[in-house]
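Structural features, examined
Residues per chain are reported as follows:
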Amino acid sequence: MARPTDMFVWPARLLHWLMAVLIIAMLFIGVGMVASVSERHDWLVRLHKPLGVAILVLAVVRLIVRWRNPPPPLPADLPVLQKCAALASHWLLYALMLTLPLVGWAMLSAGGYPVMLSASLRLPSILPANAVAFAVLRHLHAWLAALLFATFLAHLGAALYHGLVRRDGVLGSMVGWRPRR
């Protein structure tokens, strides 16, 4: 049975919504982590690291799913500038989902901190300890997180625009329903 060409395949939809929840959680955990000096700080750090690695792994899986199952085309009447913005923002989201965890891992490695995924599972360092690299990567990680948040908000705004204003099926293709004609 051929899949409908106006819908994302179910693995793409599942990964999209799972990662949306993980990314929102990570952004809030990250802000809470850097703003907290309470006993919750260590708990947030222990949560942040494995979630970051999960996002990295899921982003790779998501790219494989996307390459094997191209997304449905955007509406033919969508202005060229909006099509370019959609394409650019999607690739920016993928780049950030891959880059942010790697920068975080490199930052912790440069700081001499262990990257523990659990009490007994430790990732290897990917950079030697270096205070200057740690400082640069820490700022980079924060700026990339802010860019991810802004891009996420733009993505959400575009999805709502397509679903509530244009009603052109773009949102439905990721939610899994078709608009009435």
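What this report covers is the structure whose coordinates are included nearby. Note that this is a predicted model, so its numbers are computed, not measured.

As a further point, take unusual backbone geometry. In the Ramachandran plot, Arg167 falls in the positive-phi region, its phi being about 50° despite a non-glycine side chain. Here Arg167 lies in the loop between α4 (131-166) and α5 (170-175).

The full count for this structure, using the stated rule, is two aromatic pairs. Measuring from ring centre to ring centre gives 5.3 Å for Trp91 and Tyr94, while their planes differ by 40°; the resulting arrangement is tilted. With Trp91 and Tyr94 both in helix α3 (residues 80-111), this residue pair falls three residues apart, about one helical turn. Judged by its relative accessible area of 6%, Tyr94 is buried.

Let us now look at the nonpolar core. Counting 37 residues, the largest nonpolar core has Met19, Ile23, Ile55, Met97, Leu137 and Leu148 as its most contacted members. Listing elements by their share of this core, those giving two or more residues are α1 (10-35), α2 (40-68), α3 and α4. Top element by residues in this core is α3. It accounts for eleven residues. Look past the residues within four positions of Leu137 in its chain and what remains in contact with it is Val103, Ala106, Met107, Ala110 and Leu127.

The rules we used
- Residues numbered from 1 in each chain as written.
- Predicted model: local features only at pLDDT ≥ 70, side-chain atom pairs only at ≥ 80, totals over all residues.
- Heavy atoms only, no water.
- Helix = DSSP H or I, 4+ residues; strand = E, 2+ residues; numbered from the N terminus.
- Phe/Tyr/Trp six-rings, centres within 6.5 Å; stacked < 30°, edge-to-face > 60°.
- Buried < 20%, exposed > 50% of the residue type's maximum accessible area, 1.4 Å probe, protein only.
- Core = buried A, V, L, I, M, F, W, Y, C linked by side-chain atoms within 4.5 Å.
- Contact = heavy atoms within 4.5 Å.

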